[in-house]
Amino acid sequence: MTLETSTTPVRTEPTVAEDVLLLLFQPASGTIAGEGTLFYVLGGAVLAELSMRGAVGVEDAGLLGTVVHTIGETAPEDALLSATWSYLEPKPRGVQTVLAAMGPHLRGPVLDRLVERGDLQRERGRVLGILPTEKLTEGDTGRRAELVAELRAVLVDGVEPTPRIAAAGALVAASGALPWFERELPWNSAVASRAKALQQGEWGAAAAAAAVARTMVAIVVNSTIAATVIATR
């Protein structure tokens with residue numbers, strides 16, 4: 001499956017998937033936290049974005065569990081979103097099925113966008129002239145610091161989140177990566193409690209306008225936590 005490449009113009013507004021990947025990037029080490037379950041997290045971010053835009057919905061399919069279906073007849077213009085929408089368009093599918101099918105294709109295109117925006121910088125090379133290498137560093141846009149500050153306000157200060165930062169924070173928490181943020185976000189019982197509330201869809205009054213997204217993220221979080229447990233055994 002082909003998604004957007006680095007030659008495609010960057011959209012004006014970053015997607016939730018971009019926010020999540022940028023938050024997971026660790027400047028001190030140049031690595032991305034939670035790589036083991038990253039495809040679940042990015043796939044979940046795309047589903048959350050689609051639900052916020054009113055492009056997909058969820059329904060109870062009885063024995064089949066909760067399924068995701070498209071809304072409307074036109075795919076979103078954004079290639080990251082339209083690929084998942086088009087996958088769902090023929091018939092409703094289970095969340096796990098969508099994450100497994102679409103998630104593995106997202107890391108590269110999302111990372112390309114962050115580099116194009118200048119949020120991250122990438123240096124590619126080769127070891128011994130053969131093995132490809134990639135070094136990531138933080139760019140000079142300051143957007144990661146802004147996202148961390150927003151997340152810190154929610155998790156540390158108890159500020160009511162916007163639906164976007166709530167979704168991003170819930171997915172980052174579900175990846176198990178929050179303890180990696182020790183220098184930026186203290187890891188204690190209060191932070192853990194607020195992070196769990198985000199994962200369960202408790203987003204405050206702002207969530208009223210994003211009920212489907214809240215439900216979607218809660219479902220995705222359960223799938224991601226299950227995958228994380230399996231990956232760490």
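The structure we're discussing is the one just above.
Rules used in this analysis
- Residues numbered from 1 in each chain as written.
- Predicted model: local features only at pLDDT ≥ 70, side-chain atom pairs only at ≥ 80, totals over all residues.
- Heavy atoms only, no water.
- Core = buried A, V, L, I, M, F, W, Y, C linked by side-chain atoms within 4.5 Å.
- Buried < 20%, exposed > 50% of the residue type's maximum accessible area, 1.4 Å probe, protein only.
- Contact = heavy atoms within 4.5 Å.
- Pairing = 2+ DSSP bridges.
- Helix = DSSP H or I, 4+ residues; strand = E, 2+ residues; numbered from the N terminus.
- Phe/Tyr/Trp six-rings, centres within 6.5 Å; stacked < 30°, edge-to-face > 60°.
- Lys NZ or Arg CZ within 6 Å of the ring centre and 35° of its normal.

Asker: Before we go on, may I ask you to explain the nonpolar core in this structure?
Answerer: Here is a general trend for soluble globular proteins: nonpolar side chains tend to be buried in one another's company. In terms of nonpolar packing, the biggest core is built from 66 residues, with Val20, Leu21, Leu24, Leu47, Leu155 and Leu178 touching the most fellow members. Apart from the residues lying within four places of it in its own chain, the contact partners of Leu178 are Leu155, Val172, Ala173, Leu185, Trp187 and Ala195.

Asker: Whenever I open this one, the sheet that holds strand 3 (residues 56–60) confuses me. Can you help?
Answerer: On the basis of which strands lie adjacent, the open sheet formed by three strands has the order 3-4-5 and antiparallel pairing. Looking at which strands have only one partner, the edges of the open sheet turn out to be strand 3 and strand 5 (93–94). As judged from the five bridges shared by strand 3 and strand 4 (residues 66–70), these two strands associate in the antiparallel manner. Following the sheet pairing, Gly57 is matched in strand 4 by His69.

Asker: Would you mind going over the environment of Thr133 with me for this structure?
Answerer: Within the element layout of this structure, Thr133 appears in strand 7 (residues 131–138). Its relative accessible area of 33% is what places Thr133 among the partly exposed residues. Counting along the chain gives ten residues from Thr133 to Glu123, while the straight-line C-alpha distance between them is 8.2 Å.

Asker: Please clarify how the side chain of Ser51 should be interpreted in this entry.
Answerer: Mapped onto the fold, Ser51 is located in helix 2 (residues 38–52). Owing to a relative accessible area of 7%, Ser51 belongs among the buried residues under this scheme. When sequence neighbours within four positions are dropped, the list of residues in contact with Ser51 reads Val56, Val212, Ala213 and Met216.

Asker: Mind showing me how you'd approach the packing of aromatic side chains here?
Answerer: Any pair of aromatic rings gets described here by the distance separating the centres and the angle formed by the planes. Overall, the coordinates contain one aromatic pair when judged by the stated rule. Between Phe39 and Tyr40, the ring centres sit 4.4 Å apart and the planes meet at 45 degrees, which makes this aromatic pair tilted. Phe39 gets classed as partly exposed once you look at its relative accessible area, which sits at 26%. Assessed through its relative accessible area of 13%, Tyr40 is described here as buried. Taking NZ or CZ as reference, Arg93 lies 4.1 Å from the ring centre of Tyr87, over its face.

Interpretation note: all reported values are geometric properties and have no functional meaning in isolation.
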